[in-house]
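Results of the structural survey
Single-letter residue listing:
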Amino acid sequence: MRTRTIAMAFAATLAGAGWVWADCAQYISGGAGSPSSGYLLGESLVTEETTYGAEAGVYAQRSVSQTWSVGHYRMSDGSTIDVDCRTYTQI
């Protein structure tokens, strides 16, 4: 199995073209355990492609692609974090 991840910073390009990927929330909060909050600076699209059956002389191949958003947030303490917008976990 082979996995390839490609990160593409489309946020500015897509916004300029009049098309906005809207998977990430404008504001986030860490909750009771982490009271910091933040606002969205921009987004990137990430595509992961996995190919099966490409080794050991196997002739049949199958590829699966997934695309999701990563949000870039400025937190209230001044730090910048990246968040997987599918699960809202820091990456």
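Here the structure is shown first, and the text comes after it.
Residues numbered from 1 in each chain as written. Predicted model: local features only at pLDDT ≥ 70, side-chain atom pairs only at ≥ 80, totals over all residues. Heavy atoms only, no water.

1. Comments concerning the pattern of salt bridges
Throughout the structure, instances matching the rule amount to one salt bridge. Between R86 and D84 there is a salt bridge whose closest N-O contact spans 2.7 Å. The class of R86 is partly exposed, set by a relative accessible area of 47%. Given the relative accessible area of 8%, D84 is considered buried. (Salt bridge = Lys/Arg side-chain N within 4 Å of Asp/Glu carboxyl O. Buried < 20%, exposed > 50% of the residue type's maximum accessible area, 1.4 Å probe, protein only.)

2. A short note on the pairing of strand β3 (residues 37-52)
In this structure, strand β2 (residues 27-29) lies alongside β3, joined through three bridges in antiparallel fashion. Bridging across to β3, S29 finds its partner in S37. Both β3 and strand β4 (residues 62-75) contribute to a ladder of 14 bridges, which runs antiparallel. Within β4, the residue paired with E43 across the bridge is G71. (Pairing = 2+ DSSP bridges. Helix = DSSP H or I, 4+ residues; strand = E, 2+ residues; numbered from the N terminus.)

3. A few points about the nonpolar core
Of all hydrophobic cores here, the largest spans eight residues; its members are C24, I28, L40, Y73, M75, I81, V83 and C85. Where this core is concerned, the elements lending two or more residues are β4 and β5 (80-84). Residues contacting C24, with those up to four places away along its chain left out, are L40, E43, S69, V70, G71, Y73, C85 and Y88. (Core = buried A, V, L, I, M, F, W, Y, C linked by side-chain atoms within 4.5 Å. Contact = heavy atoms within 4.5 Å.)

4. With respect to the packing of aromatic side chains
Scanning all chains against the criterion turns up zero aromatic pairs. Above the plane of the ring of W68 lies R86, whose end atom (NZ or CZ) is 3.8 Å from the centre. (Phe/Tyr/Trp six-rings, centres within 6.5 Å; stacked < 30°, edge-to-face > 60°. Lys NZ or Arg CZ within 6 Å of the ring centre and 35° of its normal.)

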